[in-house]
Every structure is written in C-alpha cells, then in structure tokens.
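In case you want the letters, here they are:
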Amino acid sequence: MSRLRALVRRRRYTLALVVVLVLLAAGIAAATSAIGAQRQTAAAEERCTADGLAARWHHGELFLDARSARTGATVLTRRGDVPTQTGSTMKVVTAAATVSALGPDHRFTTTVVAGTTPGAVVLVGGGDPTLSRLPSGQDSVYPHAPHLDDLAEQVLAARGGQPVTSVQVDTDLFDGPAWHPSWPESARTSGSVSNITSLMVDGDRDDPTESYSMRSAGAVARAATAFAALLGPGVSVDTTSVAVPAGAQVIGSVHSATVAELVGMLLTDSDDTLAEMLARHVAIAEGAGRSFDAVQAGSTKALVRYGVPTAGLRLVDGSGLSPDNRVPASALTTLMRAVAANRDGLAPVDAGLAVAGRTGTLGEDGRFTGAAADARGHVRGKTGTLDDMYGLTGVTDEVAGDRIVFTVFAEGTSDPDARKEIDTLAAALWRCGGHAPAAR
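Everything quoted here is computed from the prediction, not taken from an experiment.

Caption draft 1: Summary view of the overall build of the protein. Across its full length, the protein holds 12 helices and 13 strands. Taking all 440 residues of the protein together, the buried fraction comes to 53%. Across the protein, every contact between residues at least 6 apart in sequence was considered, and the portion connecting residues at least 24 apart equals 67%. A total of about 18,400 Å² of accessible surface is found on the protein, and carbon and sulfur atoms cover 54% of it.

Shown next as structure tokens:
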C-alpha cells in the first residue's frame, strides 16, 4: 500500500511540474509576443518621420494637409486651410468637376453643316482640342482622336459631287478672351498652352506629335485652313464666326474620346489646353457661362457633389497656370480622398494620376530618388509648378491597414530642390500609413 501511495504522490508532483512548465512557457511566449509588437510599433514610429520633416522644412513656406484615407482624420497639417497657389494640381479639380458635370462617357462633337450660300460649308467648333489634322490611322499626342480627313470625306459624300467652294466657321461655343491676362506669353512659345477657342486641331501645336510644341496666335485659322485643303483645290477660308441657323443640315460629324479617357490624358500628361477646354465645358454644363469668368462658378458647383468645401477657393482658370488661383491644401486633400475611394464616378481621375518614379510628371526630372526612392510605385498624384512654387497632391499605397491622402505646397521658392523635399515628405507619409498617430 505504501508503495502505491508513493507512486500516486510522484505522479501528482510530475503533473504539477508539467502544469508549472506549461504556464511558464505560455508566459514567456506572451511576453515575447508583446516585446515583438512593441518593437514593431517602435520601428514603425521610427519610420514615420513626416512630422519631423515638416517641422524642419527648408524650401519656401510649407502648406500641408495629410489625412487618413480610411477615416478622414487629420494626420499632419501646416497652414492646411490657408488658400494658396496651386500650379497644375488645379487639374485634379478640373478633372473631378468634368466627371461630375458631364459624366465619364460624354464625348465632344465637331460638326459640319451646309452654309447659307451655294458651295459653302460651316465647320462648327465643338470644343474638342484633340481633333487632328494628321491622316486617320496616325496618332497625334492624343490617342483615339477624331480626324479632319474623316470629317472631309463625310462632307464630300454628303454633297454628292457638288464642289465645296468655301469654309466658314462657327466658334461661338466659347466667348470672352482666348488668352488669360495672367498667363505669361512664354507659356505659348514653350508649348504649354494655346489660345482657348472652341475650334482647333492638335491642341494648336506646330507639331501634332510633340507635347510641348509651340502654339500659334491663330488656332481657328490653322484648323479651318487644314480642313479646306482636304475638300479640294481653291477652297477659300473665312475665320469670322458665323451663327449656324436653326435646323441647318448636318453633313458631317466626328466625336472625341470619352471624358474618362480625356481626364486620364489631362492628368498624366498635365495638358494645359485640354484642362482649359474641359473647364469651359464644365461651366457651360453647369449654366455658369462660356468664358474664363465662368470657371469659378462652374467648377465649384460641380465639386459640391464630392463634399469639397468651396469657401476660399479662387478658380481663375482650369489648368492652374495662373498665379492668381487660390485653393487650400485641405480642400484638395478632401477631394483626393473622394478620388482614392473612386466615389461617384471618380475612378478615371484616380486612374489618371501619375505614379511616383514611373509615369507622367512623377516619372520625370529625377522624381522620387535618393531618400524618397523606396516610395517609387507607392505614391500616386498630380504635381504643380509655377515660377515661385512647387506642389503635389496625391495618395499613398496602403500600410498597416490605411492609406494617406495629402497635399503639399512649397510656396515662395524657385529652387528645384523643393521637389526633392516634397518627394521625401510624401515618401515618409507612405511609410507612416496606418501607423500615423491620427490614423490609429
């Protein structure tokens, strides 16, 4: 019996020892896991250097607004609600307003109608800057553009062998000045932007295949003359706009690419002329008018649909070329959050954003190199540049369950190193992701 009792006692001791060892192992594992989590969080916080970078800003005056894409909570702000210059980040505003006012499937139509005198036809400008004078099958800078030769063939077929003797034009879709007084003349000679008229070909470029090709002072004449040459020898051209009579017979028409496609071209290539034409169409669609003066009312009305605060916005043009534009960084970031979520048809705007270090203006001039090189491919956005400012509005890839939407402007500087500082800050925001203090 005593031997049996001793055996039972030994088994009890062994079981107790096993229990103690199991509990000890579990405690060690839990402690190790906690230490690992603490180290992970500490490492993430060490990588989240955006606040320090903003505090030590070197180039110009910093205007910054960064938020959680998931919650909208502010991550980092410096003068975020102060209206300031935009440069070409304005094109995100114009792109979103265009989708809002017209819809992604809308196309712009250029038509030809029979004139009121024998042998005359009227080329009616539909506000499509992509209309090309190149032969069909040959691309200009605008893929999927309509072509004048297609339009000419339709006209000749409709006239049944009756010759065309003169080409007139109707350019009344837009009104007001064709050139904004705040734009520098160098913008035309450098190939940045053309006169804004409802009738032009190839964005009025001297070379239809070169994005930054010099523009003329006679966009309408260039288009009408190119069209007349396709209709036969000796066809005269009159560039004085004539009003097309109601019920005029349409004898030819061609259509642009969709708004979704045009918005992609606008953002990736930062096309100033395309931006101005789209802003004018937005103003018309919103009933605001047909000139530069209508851009403010038209675009702000369209933006309200995305919850963008419009107080303090001053929209002088659609491209951001004017130094007189004023938009708070916070307003652009609010819009970028809607873009990142593809809200209400904004997917084409999201798709058109340039990719850091790879495409569009974020793939040029050494962008996202050095301290920002690891963010290549992880930040998408739209740049902005004027003589005395640099900017970027964008969205990062997801880190730790969240993305950051942001807008950053360096104002009052012409130092190109400001772009590197902007890239470094954007890269830091990407690294923060869901570890950013306000995003948790």
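There is more to say after this.
Caption draft 2: Looking closely at the nonpolar core. Formed by 46 residues in total, the largest nonpolar core has its most connected members in Tyr 306, Leu 335 and Val 349. Secondary-structure elements contributing two or more residues to this core are α3 (90-102), α7 (259-269), α8 (272-285), α9 (295-303), α10 (329-340), β12 (389-396) and β13 (404-411). Non-local contacts of Leu 335, meaning those with residues more than four positions away in its chain, are made with Val 92, Val 93, Ala 96, Leu 303, Tyr 306 and Val 308. The next biggest cluster of nonpolar side chains, apart from the first, holds 33 residues, and it includes Trp 57, Phe 406, Ala 426 and Ala 428.

Caption draft 3: Just the packing of aromatic side chains, in detail. This structure, assessed with the given rule, holds two aromatic pairs. On the basis of an interplanar angle of 85 degrees and a centroid distance of 5.2 Å, the ring pair of Trp 179 and Trp 183 is categorised as edge-to-face. Under the relative-accessibility criterion, Trp 183 is labelled buried at 4%. Ring centres of Trp 183 and Phe 292 lie 5.4 Å apart, and the angle between their planes is 85 degrees; this geometry places the pair in the edge-to-face category. With a gap of 109 residues between them, Trp 183 in the loop between β6 (166-170) and α5 (186-189) and Phe 292 in the loop between α8 and α9 connect regions that are remote in the sequence. With relative accessibility at 4%, the residue Phe 292 sits in the buried group. Ring pairing ties together the aromatic residues Trp 179, Trp 183 and Phe 292, which thus form one cluster. The aromatic ring of Phe 63 is capped on one face by Arg 79, whose charged end is 5.9 Å from the ring centroid. Directly above the ring of Phe 292 sits Arg 280, whose terminal nitrogen or CZ lies 4.6 Å from the centroid.

Caption draft 4: Region of interest: the sheet that holds strand β8 (residues 250-255). Strand order in the open sheet made by the five strands is β7-β6-β5-β4-β8, with mixed pairing throughout. Because the sheet does not close on itself, it has two edges, and the strands there are β7 (236-241) and β8. Shown here is a sheet whose adjacent strand axes are inclined to one another by a mean of 20 degrees, direction ignored. Contacting β4 (109-114), β5 (120-124) and β8, helix α4 (residues 148-158) crosses the sheet at an angle of about 160 degrees to β8. Across the face of the sheet, helix α6 (residues 219-231) comes into contact with β4, β5, β6 and β7 while running at roughly 145 degrees to β6.

Caption draft 5: Structural detail: the pattern of salt bridges. Applying the stated criterion to the full structure yields 18 salt bridges. With its nearest N and O atoms 3.1 Å apart, the salt bridge here joins Glu 61 to Arg 79. Note that Glu 61 is positioned in strand β1 (residues 61-68) and Arg 79 in the loop between β2 (74-78) and β3 (83-84), a separation of 18 residues in sequence. Of the residues examined, Glu 61 reaches a relative accessible area of 37% and is grouped as partly exposed. Here Asp 350 and Arg 380 are joined by a salt bridge, their closest N and O atoms 2.7 Å apart. Of the two residues, Asp 350 is situated in helix α11 (residues 347-352) and Arg 380 in strand β11 (residues 379-386); the sequence distance between them amounts to 30 residues. For the pair formed by Asp 350 and Arg 380, the shared burial category is buried. In the salt-bridge network here, residues are joined through shared partners; they are Asp 204, Asp 206 and Arg 222.

Caption draft 6: Region of interest: α4. Those residues of α4 lying buried are Leu 148, Asp 149, Leu 151, Ala 152 and Val 155. Around the axis of α4, the buried residues are gathered within 155 degrees of arc, so they sit on the same side. In α4, the exposed residues that point more than 90 degrees away from the buried face are Glu 153 and Ala 157. Buried residues along α4 sit against β4, β5, α6 and β8. Backbone geometry just downstream of α4 places Gly 160 in the positive-phi region, at approximately 60 degrees.

Caption draft 7: Layout of unusual backbone geometry. Backbone geometry places Asp 202, a non-glycine residue, at a positive phi of 55 degrees. Checked against the element boundaries, Asp 202 lands in the loop between α5 and α6.

Caption draft 8: Local environment of the sheet that holds β13. Sheet architecture is open: six strands sit in the order β2-β1-β13-β12-β11-β10, paired in antiparallel fashion. In the strand order of this sheet, the two ends are held by β2 and β10 (354-355), each with one partner. Packed on one face of the sheet, helix α12 (residues 417-432) meets β1, β11, β12 and β13 and runs near 20 degrees to β12.

Caption draft 9: Seen up close, empty space enclosed by the protein. Tallied over the full model, the rule gives one cavity of 30 Å³ or more. Of the pockets and cavities examined, the largest cavity occupies roughly 110 Å³. Broken down by class, the residue content of the lining of the largest cavity amounts to four nonpolar, four polar and five charged.

Caption draft 10: Molecular detail of the side chain of His 59. Residue position: His 59 is located in the loop between α2 (50-55) and β1. Side chain to side chain, His 59 and Glu 421 meet in a polar contact 2.6 Å long.

Caption draft 11: View of the packing of α8 against α9. Contact pair α8 / α9: the axes reach a minimum separation of 8 Å and the direction vectors enclose 75 degrees. Overall, the two elements α8 and α9 adopt an arrangement that is roughly perpendicular. On the side of α8, the interface is formed by Ala 279, Val 282 and Ala 283, while α9 contributes Val 295, Gly 298, Ser 299 and Ala 302. Among the residues forming the contact of α8 with α9, the class breakdown is five nonpolar, two polar and no charged.

Calculation rules
- Here, residues in each chain are numbered from 1, in the same order as that chain's written sequence.
- Per-residue local features of the predicted model are confined to residues with pLDDT of at least 70, and side-chain atom pairs are confined, for both listing and counting, to 80 or more; whole-chain, interface and lining totals are unaffected and use all residues.
- In computing side-chain properties, one takes all heavy atoms of the structure into account and sets aside hydrogens as well as water.
- Note on conventions: DSSP H or I runs of at least 4 residues are helices, E runs of at least 2 residues are strands, and numbering of each starts at the N terminus.
- Each residue is placed in one exposure class: buried if its accessible area under a 1.4 Å probe, protein chains only, is under 20% of its type's maximum, exposed if it is over 50%, and partly exposed if it falls in between.
- Here, two residues are considered to be in contact whenever any of their heavy atoms come within 4.5 Å of each other.
- Note on areas: Shrake-Rupley, 1.4 Å probe, and residue coverage restricted to the protein chains presented here.
- What we call a nonpolar core is a set of buried Ala, Val, Leu, Ile, Met, Phe, Trp, Tyr and Cys residues that are connected through their side-chain atoms within 4.5 Å.
- Centres within 6.5 Å are what make two rings of Phe, Tyr or Trp a pair, Trp counting through its six-membered ring; a difference in plane orientation under 30 degrees is then read as stacked, over 60 as edge-to-face, and the rest as tilted.
- Charge-over-ring contacts are defined here by two conditions on Lys NZ or Arg CZ: a distance within 6 Å of the ring centre and an angle within 35 degrees of the ring normal.
- By definition, two strands form a pair when at least two bridges between them are found by DSSP.
- The angle between two axes is taken between their N-to-C directions and runs from 0 to 180 degrees, where each axis is a line fitted to C-alpha atoms and a helix contributes only its stretch in contact.
- Put simply, a salt bridge is a Lys or Arg side-chain nitrogen that is within 4 Å of an Asp or Glu carboxyl oxygen.
- Throughout, the arc means that of the directions going from the helix axis to the C-beta atoms.
- With a 1 Å grid laid over protein atoms only, a set of points is called a cavity when a 1.4 Å probe fits there but cannot get out and a pocket when it is open yet has protein on both sides within 12 Å along at least five of seven lines; lining residues have an atom within 4 Å of a point.
- Grid points are joined across faces, edges and corners, and a volume is the space filled by probe spheres set on the points.
- Gly is placed with the polar residues, together with every amino acid not listed as nonpolar (Ala, Val, Leu, Ile, Met, Phe, Trp, Tyr, Cys and Pro) or charged (Asp, Glu, Lys and Arg).
- Identification of polar contacts relies on pairs of N or O atoms within 3.5 Å, with a donor-acceptor requirement for protein atoms, meaning one able to donate a hydrogen and the other able to accept it, and with residues adjacent in sequence counted only if both atoms are side-chain atoms.
- Working definition: roughly parallel below 35 degrees, roughly antiparallel above 145 degrees, roughly perpendicular at 65 to 115 degrees, and oblique for all remaining angles.

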